[in-house]
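# Observations on the model geometry
For reference, the chains in residue letters:
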Amino acid sequence: MDYGFYDILQFFGALGLFLFGMKVMSDALMSLAGAKMRSILATMTSNRFLGISTGFLITSVIQSSSATTLMVVSFANASLLTLMESISVIMGANIGTTITAWLITILGFKVSMSAIALPLVGLGFTFTFAKKEKLKNWGGFIIGFAVLFIGLQFLKDAVPNIKDNPEILEFLKRYTDLGFWSVLLFLAIGTLLTIIIQSSSATMALTLIMTAQGWIPFELAAAMVLGENIGTTITANLAAIVANYHAKRTARAHFIFNIIGVVWVLVLFY
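Residues numbered from 1 in each chain as written. Predicted model: local features only at pLDDT ≥ 70, side-chain atom pairs only at ≥ 80, totals over all residues. Heavy atoms only, no water.

## Here's the deal with the overall build of the protein
Applicable threshold: Secondary structure is summarised from DSSP: a helix means a run of H or I of at least four residues, a strand means a run of E of at least two, and numbering begins at the N terminus for each. Note on contacts: a residue pair is in contact if any heavy atoms of the two residues lie within 4.5 Å. Per-residue and other accessible areas were derived by the Shrake-Rupley procedure at a 1.4 Å probe size, with only the shown protein chains allowed to occlude residues.
Scanning the protein from N- to C-terminus turns up 12 helices and zero strands. Counted from the first residue to the last, the protein has its helices and strands arranged as α-α-α-α-α-α-α-α-α-α-α-α. Relative to all contacts within the protein whose residues are 6 or more apart in sequence, the contacts with residues 24 or more apart total 78%. Element-wise, carbon and sulfur atoms account for 71% of the exposed surface of the protein, whose accessible area totals about 13,600 Å².

Quick look at the structure:
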C-alpha cells in the first residue's frame, strides 16, 4: 500500500480541520452557556447514575462514543460540566459503545455522523444571518459540531486503508502462540489500529473479521478489544489540545478510566 508525502499532508490537514471544528464549537458553547443550558445539564448529571445513563443513552442513539466524549470535552471546556459529571457521562459512553459492536455483529450497520455534517453546516450558516446574538451563537455551535465530524471523516480517509483490506493483517496469525506475550501484542495492535483508523467500531469490525476468518483465536480478539478501549481515548485527547484546563482533565480522566479497566481485565484475563 503506497502512502506518500501528499497523504501525510492530507492527514495533517484533516487533523487541523478537526481541531478547528472543536475550537469553533467550544467558543460558541461558551457564548451560549446561559443559566438554562447549565440547569438542563445539571439535571441530566445531577448524580453519577443519572450521568452514566445519559452517556449510555446518547452513545446508543448516535452510535459513537467518540462523539459523546467530544461533546463532554466541549461542555467541560465551556465550564458547563464539572470533572465528576464529565466522568460519569464518559463511563456511560463506554457502556453505550458496546451497542455499536452488537449492531455490527447482527446488522453490519453503523450510523455515520459525517453523512449529516454538510447539511448541518448549511443549517448553521443560515443562523449566522440572524439579528439575535443567541441564534448566531447557535449557528456557530452547529457549524463547529459539523466541521468537527467532517474533519474526523477526513482523518479516517487520510490514513492507510486497512479497514477495506483486512488481508493485510493476515500475517498476524503467525504471532498467536506466544502465550501472554501474544495477549500484550494484540492489545498493542488493537490500540494502534484504533488510533490509526480513528474509530473503535471500525477496529471492532476488523477484529470480528479476523476472528471469523480464523486468523486469531477468541482470547486474542478479546485482547484486541482491550486495546481498542485505550485507542478510542485519542479522539478526546486530540480535541483537548485546543481546549482549557477543565477539558484537558476530562480527556485525561477518560484515558485513565479506560487504562484502569484494561489493567484489571489483564490481571484476570485467563
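## Concerning the nonpolar core
Heads up, the condition is: Residues grouped as a nonpolar core are buried Ala, Val, Leu, Ile, Met, Phe, Trp, Tyr and Cys residues, joined through side-chain atoms within 4.5 Å. Between buried and exposed lies partly exposed: a residue is buried under 20% and exposed over 50% of the maximum accessible area for its type, with that area taken using a 1.4 Å probe on protein chains only.
If you look at the biggest cluster of nonpolar residues, it comprises 24 residues, and the most contacted ones within it are F18, M25, F141, L148 and F149. Core analysis: the next-biggest nonpolar cluster, separate from the first, contains 17 residues, V183, L187, I189 and L220 among them.

## Concerning the packing of helix 8 (residues 180-197) against helix 10 (residues 218-231)
The angle between the axes and the distance between the axes are what describe a pair of packed helices. Where we set the bar: For every element, the axis is a line fit to its C-alpha atoms; helices are fit only across the contacting stretch, and the angle between N-to-C directions ranges from 0 to 180 degrees. Under this scheme an angle from 65 to 115 degrees is roughly perpendicular, one under 35 degrees roughly parallel, and one over 145 degrees roughly antiparallel; angles in between are oblique. A clockwise turn of the near helix away from the far one marks a right-handed crossing, whereas an anticlockwise turn of less than a right angle marks a left-handed crossing.
Relative to each other, helix 8 and helix 10 sit at 45 degrees, their axes nearing to 6 Å. The angle between the axes of helix 8 and helix 10 places the two elements in the oblique class. Relative to helix 10, the crossing made by helix 8 is right-handed. Contacts between helix 8 and helix 10 involve S182, V183, F186, L187, I189, G190, T191, L193, T194 and I195 on the former and, on the latter, L220, A223, M224, L226, G227, E228, I230 and G231.

## Quick look at the side chain of T191
Stated precisely, the cut-off is as follows: N or O atoms closer than or at 3.5 Å make up a polar contact, with two conditions inside protein: a donor-capable atom paired with an acceptor-capable one, and, for residues adjacent in sequence, both atoms drawn from side chains.
If you trace the backbone, T191 turns up in helix 8. Engagement of the side chain of T191 in a polar contact is seen with the backbone oxygen of L187, the distance being 3.0 Å. Setting aside residues up to four positions removed in sequence, T191 forms contacts with G227, E228, I230 and G231.

## Brief notes about the packing of helix 10 against helix 12 (residues 245-267)
Formally: Here the term charged refers only to Asp, Glu, Lys and Arg, the term nonpolar to Ala, Val, Leu, Ile, Met, Phe, Trp, Tyr, Cys and Pro, and the term polar to all other amino acids, Gly among them.
Two elements in contact, helix 10 and helix 12, have axes whose closest approach is 8 Å; the angle formed by their N-to-C orientations is 165 degrees. Judged by the angle between their axes, helix 10 and helix 12 are roughly antiparallel. Crossing geometry of helix 10 relative to helix 12 is assigned as left-handed. Within the contact between the two elements, helix 10 uses L226, N229 and I230 and helix 12 uses F255, N258, I259, V262, V265 and L266. Its residues assigned to classes, the contact of helix 10 with helix 12 shows seven nonpolar, two polar and no charged.

## Section: the packing of aromatic side chains
The test is simple: Aromatic rings from Phe, Tyr and Trp, taking only the six-membered ring of Trp, are treated as a pair when their centres fall within 6.5 Å; an angle between ring planes under 30 degrees marks them as stacked, one over 60 as edge-to-face, and anything in between as tilted.
Counted according to the given criterion, the structure contains four aromatic pairs. With 5.0 Å between their ring centres and 85 degrees between their planes, F125 and F129 make a pair best called edge-to-face. Among the residues examined, F129 registers a relative accessible area of 61% and is labelled exposed. One aromatic cluster is present, formed by F180, F269 and Y270 through successive ring pairs.

## Remarks on helix 4 (residues 65-77)
Defined as follows: The span one expects for a helix is its residue count, reduced by one, times 1.5 Å.
Here helix 4 is 13 residues long and its end C-alpha atoms lie 18 Å apart, about the 18 Å a rise of 1.5 Å per residue gives. When you tally the buried positions in helix 4, you get 13 out of 13 residues, the bulk of the element. Positioned one or two residues after helix 4, S79 has a phi angle of 60 degrees, which is positive.

## Some remarks on the environment of M91
With respect to the helices and strands, M91 occurs in helix 5 (residues 83-106). With residues near it in sequence (within four places) discarded, M91 still touches I52 and F257.

## Points about the environment of K136
By the element assignment, K136 lies in helix 7 (residues 133-158). The spacing of K136 and S31 is 105 residues in sequence and 9.9 Å in space, taken between C-alpha atoms.

## A closer look at the confidence of the model for the protein
What counts here: Every residue carries a pLDDT, the predictor's confidence in it, which falls somewhere between 0 and 100.
Across the protein, pLDDT averages 77, with 77% of residues at or above 70. Between the elements of the protein, mean pLDDT differs from a low of 66, seen in helix 2 (residues 35-44), to a high of 88, seen in helix 10.

## Some remarks on a nonpolar patch on the surface
Put simply, the test is: Within the patch definition used here, like charges are joined within 9 Å and nonpolar side chains (Val, Leu, Ile, Met, Phe, Trp, Tyr) within 5 Å, considering only residues with over 30% relative accessible area and no salt bridge. For this document, the term salt bridge refers to a Lys or Arg side-chain nitrogen within 4 Å of an Asp or Glu carboxyl oxygen.
A cluster of nonpolar side chains, contributed by Y175, L178, F180, W181, L184, L185 and Y270, occupies part of the molecular surface with about 740 Å² of accessible area. Checked against the element boundaries, L184 lands in helix 8.

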